[in-house]
Amino acid sequence: MKYIGLDLGSRTLGVALSDNTGLIASSYKTIRHNEDYDSLIEEVKKIAGEVNATGIVLGMPKNMNNTIGPKGELSLAFKEKLEKAISIPVYLQDERLTTKSATDMLIMGNVSRKNRKKVVDSVAATIILQTFLDKKGKENERK
């Protein structure tokens with residue numbers, strides 16, 4: 001089971017990949033898109049084919065009170081477009097505070113501000129994907 005994790009931002013898309021067992025997420029890349037979401041769909045489709053992905057996990061930004069704001073609506077629309085373009089399941093994963101967690105991790109690792117900006121989105125995608133994989137693993141343990 002190979003998954004792709006996505007953190008959709010207003011200018012970039014962070015991408016993470018799982019290992020072939022679907023247990024461990026790792027940062028893959030950050031794609032700049034300048035709100036050209038159609039080209040992003042094609043890029044994700046290409047990555048999915050290259051890595052033989054069986055699922056995509058898209059970060060779902062929610063407000064702290066659990067409501068869905070404009071960024072959440074954008075993620076829902078992106079999910080819909082992605083599902084029409086690709087024949088693998090697309091899952092939503094709550095992504096509240098993932099960018100902050102990613103930034104904090106990079107600061108603790110003494111990554112410079114300049115370099116943090118380059119990788120923070122792919123690290124956030126890794127956190128989103130790892131959260132999904134951990135939750136999926138716990139569900140399987142209960143069965």
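The model shown is predicted, which means the values in this text are computed figures rather than measured ones. (Residues numbered from 1 in each chain as written. Predicted model: local features only at pLDDT ≥ 70, side-chain atom pairs only at ≥ 80, totals over all residues. Heavy atoms only, no water.)

A. Representation of the pairing of strand 5 (residues 90-94) within the structure. By the bridge criterion, 5 bridges tie strand 4 (residues 55-60) to strand 5 in an arrangement that is parallel. Across the sheet, residue isoleucine 56 finds its bridge partner in strand 5, namely valine 90. Handedness of the crossover joining strand 4 and strand 5 through helix 2 (residues 70-85): right-handed. (Pairing = 2+ DSSP bridges. Helix = DSSP H or I, 4+ residues; strand = E, 2+ residues; numbered from the N terminus. Right-handed = clockwise from strand over helix to strand, strands pointing away.)

B. Molecular detail of the sheet that holds strand 1 (residues 3-8). Ordered in space as 3-2-1-4-5, the 5 strands form an open sheet in which the pairing is mixed. At either end of the open sheet lies a strand with only one pairing partner, and these are strand 3 (25-32) and strand 5. Within this sheet the neighbouring strands show an average axis-to-axis angle of 25 degrees, counted without direction. Contacts from helix 2 reach strand 1, strand 4 and strand 5, with the element oriented near 165 degrees to strand 4. (Axes fitted to C-alpha atoms, helices over the stretch in contact; angles between N-to-C directions. Contact = heavy atoms within 4.5 Å.)

C. Quick peek at the environment of isoleucine 107. Tracing the backbone shows isoleucine 107 in helix 3 (residues 98-108). Once the C-alpha coordinates of isoleucine 107 and phenylalanine 132 are considered, the two residues, 25 residues apart in sequence, prove to be 24 Å apart.

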